Amino acid sequence: MKAITQTLSELVSQAFAAAGYDPGLGAVTASDRLDLCQFQCNGAFAAAKLYHKAPFAVADQVAQVLQNDSAFSKVEVAKPGFLNLTLDDGYLLKQANAITQDPHLGIPQAPSPAAIILDYGGPNIAKPLHIGHLRSAIIGESIKRILRAAGHTVVGDIHLGDWGLQIGLVITELQQRHPDWRCFSPDFDPQADAVQPLTAAELNEVYPLASKKSKTDPDYAQRAHQATYELQNGRPGYLALWQEIRRASVADMKSNYQKLGVTFDLWYGESDAGRNIPRLMDILDQKKLLTESDGAMVVEVAEPQDKAPMPPVIVRKSDHSSIYATTDLATIIQREEDFHPDKIWYVVDNRQELHFTQVFRCAKKAGLVPAETELAFLGFGTMNGTDGKPYKTRDGGIMKLEDMIATVTKGAQEKLEASSFVDEADYEEMARRVGVAAIKFGDLINQRAKDYVFDLNKFFSFEGKTGTYLLYTVTRINSILKKAGAPRDPAAPISRVYTDSERELLLKILMTGDVFQKALGEKAPNYLCEHAYQLAIAFSKFYHDNRIIDEPDPEKKQSWLSLIALVRRVLCLLLELLGIEPVEHM
RNA sequence: GCGCCAAUAGCUCAGCUGGAUAGAGCAAUUGCCUUCUAAGCAAUAGGCCAGGGGUUCGAGUCCCUUUUGGCGCGCCA
């Protein structure tokens, strides 16, 4: 079904037309002044300019037409020319009950579903997952769910960083530690020789060290580059070792992403694009896009309208190994071949914007995707510490994702242990959900593209505008519905509006479609967070003002139960879109 | 140097294509649990929306400019 403001805009547009004005002026929005009205239309101001009339006069004419409309209980014109609209309770109920019946629970469906590849996560193998990886995973997961809820087909791809210099660094360091390993021998035989098993813990220690060494030791760095080149060119021992690095690392990642409730359809990496690199180079060569520059091969992507100098993309380094632009371009070839997507979207750190601009231009120039395929960069901001600099732990290190989840989960568990509503057997799983809800909501409530200050202590309070509050609201509803007993008709409509707090609650429910469209349009889950919070507040107020279970009037009680059942469904849907799992009790 | 982004309550942030009295959470002060989960509800206090120009009937929102901060600017990803 349509979003409510869409439906109302159509009514008001007709009224504008009936009064002799452009129907395009009839856009309705939620009211800024809930004390005056529920919805408003500011079209009279624009009409005043177009038709050289006083805004008030225009609004008044339109209001005359709308007076007769049964959808509104009150149509008023205010001061300069605001058209203030309040819905008739009967209409409000009709809309709310329609949402109950709607298979999509009021979420507007995309008129033409698109095939979208969503590239998010993007961790590097051999490096531990840390909180720098959190945003891409959480935001990507939510955007994926939002797109799917609108009816789009989405393939989520983690796009592992598994083919670059970082692997060369790890190989170099391992070689220095274990020169006797068969995989380092030039005559390594993949059929006969085995590779030493590795653990994630070991890799987590090896990479940072190797990275540090390479910065101070040019010879070490040189060997890492050489190892990268040889790996990419198929040296058997390195390939076998790389496979083991990948295996150990991916196993560790999967467990962390699972805890976070983040999933991927594809676990492809840069290496999977490797086979397309020769083809990429051929295409670039055929289209005469390649230029040699300081020993590297580059593609010019500058355009006349550029405000700042646009450097060329390097597609082959001077040591002949590939770089992230190479694998990103080769990945586009693969995605086009496998899915022929309408859109490929990248949920990546803002700092990579220039890189992706270059890659997109190069891809279009080379015709890797049709001109109409949308390649878009959905950047996100950095998580800073309270000092305004990228977040560090107290000792100056980077916080591992695993540790962060464990810390918040522990805090949640302490609270749960004090609750009489949760069985001991459920502590662990419930604590995970509560902790992860706190983390996810705390992140998603922020605007995607902006940096924000991350304060771990905030997550421990489990108070106020948090994911916890949303889960708590759901558990309160659960409690009532459970205690109200079984003989309740789940399809019974909400029959009347008895109180003000109920009306506000219904209004919030009706706005869900609008908010969803906004979140979808801007790929911005924060609107859903805010709305879920608003809905929860509206429920809490209603809950506080009215005693549902003790209500003697059976019709009223039934109506209220139907109302809160709908609130629960909408709230759970919003949580699902955010990637947050509810709990039964807490 | 060039470019991009930001600056709103003590702190962390909202503020929809410019609209009517700038909103939350935390922190502070104060009420509310023999009654559906107090991880809650209600209330008080807190603002020259960084400074200065401009456009407009109307600007936190658009334009210009200054200041401050963050980020980016070929062989890391």
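Quick caveat, the model's predicted, so the values are computed rather than measured.

Peer 1: Kindly report on the packing of aromatic side chains, identifying the contributing residues and their values.
Peer 2: One pass over the structure, following the stated rule, counts 19 aromatic pairs. Joined through ring pairs, the aromatic side chains of Tyr120, Tyr257, Phe264 and Trp267 make up one cluster. The ring of Tyr238 carries the charged tip of Arg235 above its face, separated from the ring centre by 4.0 Å. One residue, Lys523, lies across the ring of Trp345, its end atom 4.4 Å from the ring centre.

Peer 1: Help me get a handle on the environment of Ala3, residues and values and all.
Peer 2: As for its position among the elements, Ala3 is in the segment before α1 (4-18). Not counting residues within four places of it along the chain, the set of residues in contact with Ala3 comprises Pro108, Gly513, Asp514 and Gln517.

Peer 1: Break down the pattern of salt bridges for me, with residues and values.
Peer 2: The full count for this structure, using the stated rule, is 34 salt bridges. Asp119 is the salt-bridge partner of Arg335, the closest N and O atoms lying 2.9 Å from each other. Remark: Asp119 occurs in strand β5 (residues 115-119) and Arg335 occurs in helix α11 (residues 324-339); sequence separation between them is 216 residues. Each of Glu173, Arg177, Glu205 and Lys213 takes part in salt bridges that share partners, so that together they form one network.

Peer 1: Give me the lowdown on the nonpolar core, citing residues and values where you can.
Peer 2: Grouped together as the largest cluster of nonpolar side chains are 160 residues, with contacts concentrated most on Ile245 and Met404. In this structure Ile245 touches Ile125, Ala126, Ile167, Val170, Ile171, Leu174, Leu198 and Leu203, once residues within four positions along its chain are discounted.

Peer 1: Which residues make up the protein's contact with RNA strand B, and what values do they have?
Peer 2: Around RNA strand B there are 70 residues in total, and Arg33, Gln40, Lys317, Tyr324 and Tyr543 lie nearest to it. Restricting attention to atoms of RNA strand B within 4 Å of the protein, one finds that 61% of them are sugar or phosphate atoms. Separating a phosphate oxygen of RNA strand B from a side-chain N or O atom of Lys483 is a distance of 2.8 Å. Within the contact set of RNA strand B, a sugar or linking oxygen lies 3.1 Å away from a side-chain nitrogen or oxygen of Lys518. Among the elements of the structure, α2 (43-51), β4 (82-87), α6 (165-177), β8 (296-299), α13 (401-417), β13 (452-453), α16 (467-483) and α19 (526-545) are those that each provide at least two residues to the surface near RNA strand B. For the surface near RNA strand B, the leading source of residues is α16, giving eight residues. Of the residues that constitute the surface near RNA strand B, the class distribution is 28 nonpolar, 20 polar and 22 charged.

Peer 1: Please provide a residue-by-residue account of helix α3 (residues 55-66), values included.
Peer 2: The end-to-end C-alpha distance of α3 is 16 Å, a good match for the 16 Å that twelve residues give at a rise of 1.5 Å each. What α3 keeps buried is the set Val58, Ala59, Val62, Ala63 and Leu66. Looking straight down α3, one finds that the buried residues subtend no more than 135 degrees of arc, so they occupy a single side. Those residues of α3 that are buried lie in contact with α1, α2, β3 (72-78) and β4.

Peer 1: Would you mind going over the pairing of β5 in detail, with residue names and values included?
Peer 2: In terms of burial, β5 is largely enclosed, as four of its five residues are buried. Alignment of β5 against strand β6 (residues 153-157), held across five bridges, turns out to be parallel. Across the sheet, the residue bridging to Ala115 is Thr153, located in β6. Here β5 runs beside strand β10 (residues 343-349); their pairing, made up of four bridges, is parallel. Paired with Ile117 across the strands is Ile344, a residue of β10.

Peer 1: Go over the sheet that holds strand β7 (residues 290-293), please, and point to the residues and values.
Peer 2: The antiparallel open sheet is built from three strands, whose spatial order is β7-β8-β9. For this open sheet the edge positions go to β7 and β9 (313-316), each flanked by a neighbour on one side alone. Direction aside, the axes of adjacent strands within the sheet are offset by 45 degrees on average. Bridge count between β8 and β9: three bridges; the pairing is antiparallel. Directly across from Val298, in β9, lies its bridge partner Ile314.

Peer 1: Go over the packing of helix α4 (residues 89-101) against helix α17 (residues 500-510), please, and point to the residues and values.
Peer 2: Running from N to C, α4 and α17 point in directions that differ by 50 degrees, and their axes come no closer than 10 Å. Here α4 lies oblique to α17, going by the angle between them. Once α4 is placed against α17, the crossing between them reads as left-handed. The residues of α17 that touch α4, namely those facing Asp89, Leu92, Leu93, Gln95, Ala96 and Ile99, are Arg503, Leu506, Leu507, Ile509 and Leu510. A class-by-class count of the residues in the contact of α4 with α17 yields eight nonpolar, one polar and two charged.

Definitions and limits used
Residues numbered from 1 in each chain as written. Chains lettered and ligands numbered in written order. Predicted model: local features only at pLDDT ≥ 70, side-chain atom pairs only at ≥ 80, totals over all residues. Heavy atoms only, no water. Phe/Tyr/Trp six-rings, centres within 6.5 Å; stacked < 30°, edge-to-face > 60°. Lys NZ or Arg CZ within 6 Å of the ring centre and 35° of its normal. Helix = DSSP H or I, 4+ residues; strand = E, 2+ residues; numbered from the N terminus. Contact = heavy atoms within 4.5 Å. Salt bridge = Lys/Arg side-chain N within 4 Å of Asp/Glu carboxyl O. Core = buried A, V, L, I, M, F, W, Y, C linked by side-chain atoms within 4.5 Å. Buried < 20%, exposed > 50% of the residue type's maximum accessible area, 1.4 Å probe, protein only. Near = heavy atom within 4 Å. Polar contact = N/O pair within 3.5 Å; in protein donor to acceptor, adjacent residues only side chain to side chain. Nonpolar A, V, L, I, M, F, W, Y, C, P; charged D, E, K, R; others polar. Expected span 1.5 Å × (residues − 1). Arc of directions from axis to C-beta. Pairing = 2+ DSSP bridges. Axes fitted to C-alpha atoms, helices over the stretch in contact; angles between N-to-C directions. Parallel < 35°, antiparallel > 145°, perpendicular 65-115°, else oblique. Left-handed = near helix turned anticlockwise from the far one by under 90°.

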